[in-house]
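For reference, the chains in residue letters:
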Amino acid sequence: MENEQIQENPSYWNSVIIASLVVGIVVTAFAIIGGYMTLGSEPSGSFFSSAQLLGTIGCLVGAIGGVLANWHYAKEHDVTYKIGKGALIGLFVGLGATIVSVILGQIWNIIDPSFQQALVDWNIQNIEAMQMPAEAKEQAISGMDNPNSAKNIGLQALFTFIGLGIMNVISGLIGAKIFASEE
């Protein structure tokens, strides 16, 4: 029997951490800027505002994490690998970016403790200005409790991870195909 040597690729965690930090910072910055833009506007009763668009753009920009991590990993170590590994790297970037953005959000709550509650109050005023039945308004408003509760922070983290996870799995597939594909 011949001894086959299996060459293992180096760790991709440095690339995941770098991309997670970049994405987490960008997503948090867009969310905070969008929040202050919202607070600087008058509640109009519409479901969508230009300030909310900024947050959406921030999430889309956050999708570059999978590409960034795969580019860094493939070029730093001069390795090739299957696109499935690229998807996994993207998923880890989504998880890491979620953790970074939740931590930065909590730090921002220390810097400006009234920020989250001001956004809730603005949203309540916006719902009250909407053209909908009173029962629907009451139901929508009753669903808004303490934005800094562990439940709400957990739900925010879950939805952030779902969004960033899906987008970065896709961008990880693309990044692996572009930068590390085994042809």
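Residues numbered from 1 in each chain as written. Predicted model: local features only at pLDDT ≥ 70, side-chain atom pairs only at ≥ 80, totals over all residues. Heavy atoms only, no water.

Asks: Just to check I follow, could you spell out unusual backbone geometry for this structure?
Replies: In terms of backbone geometry, most residues other than glycine have negative phi values and most peptide bonds are trans. One non-glycine residue, Asp78, lies in the positive phi region at around 50°. Within the secondary structure, Asp78 is located in the loop between helix H3 (65–77) and helix H4 (83–111). (Helix = DSSP H or I, 4+ residues; strand = E, 2+ residues; numbered from the N terminus.)

Asks: Teacher, can you tell me more about the packing of aromatic side chains here?
Replies: Two aromatic rings are characterised by how far apart their centres lie and by the angle between their planes. One pass over the full model with this rule turns up 7 aromatic pairs. Ring centres 5.3 Å apart and planes at 40° place the aromatic pair Tyr12 and Trp13 in the tilted group. Seen from their ring centres, Trp13 and Phe92 are 4.7 Å apart, and the 35° between their planes marks the pair as tilted. Here Trp13, found in helix H1 (residues 13–39), pairs with Phe92, found in helix H4; they are 79 residues apart in sequence, far enough to count as distant. Relative accessible area serves as the criterion here: at 22%, Phe92 is assigned to the partly exposed category. Joined through ring pairs, the aromatic side chains of Tyr12, Trp13, Tyr73, Tyr81 and Phe92 make up one cluster. (Phe/Tyr/Trp six-rings, centres within 6.5 Å; stacked < 30°, edge-to-face > 60°. Buried < 20%, exposed > 50% of the residue type's maximum accessible area, 1.4 Å probe, protein only.)

From the geometry alone we can't say anything about function, so treat these as descriptive.
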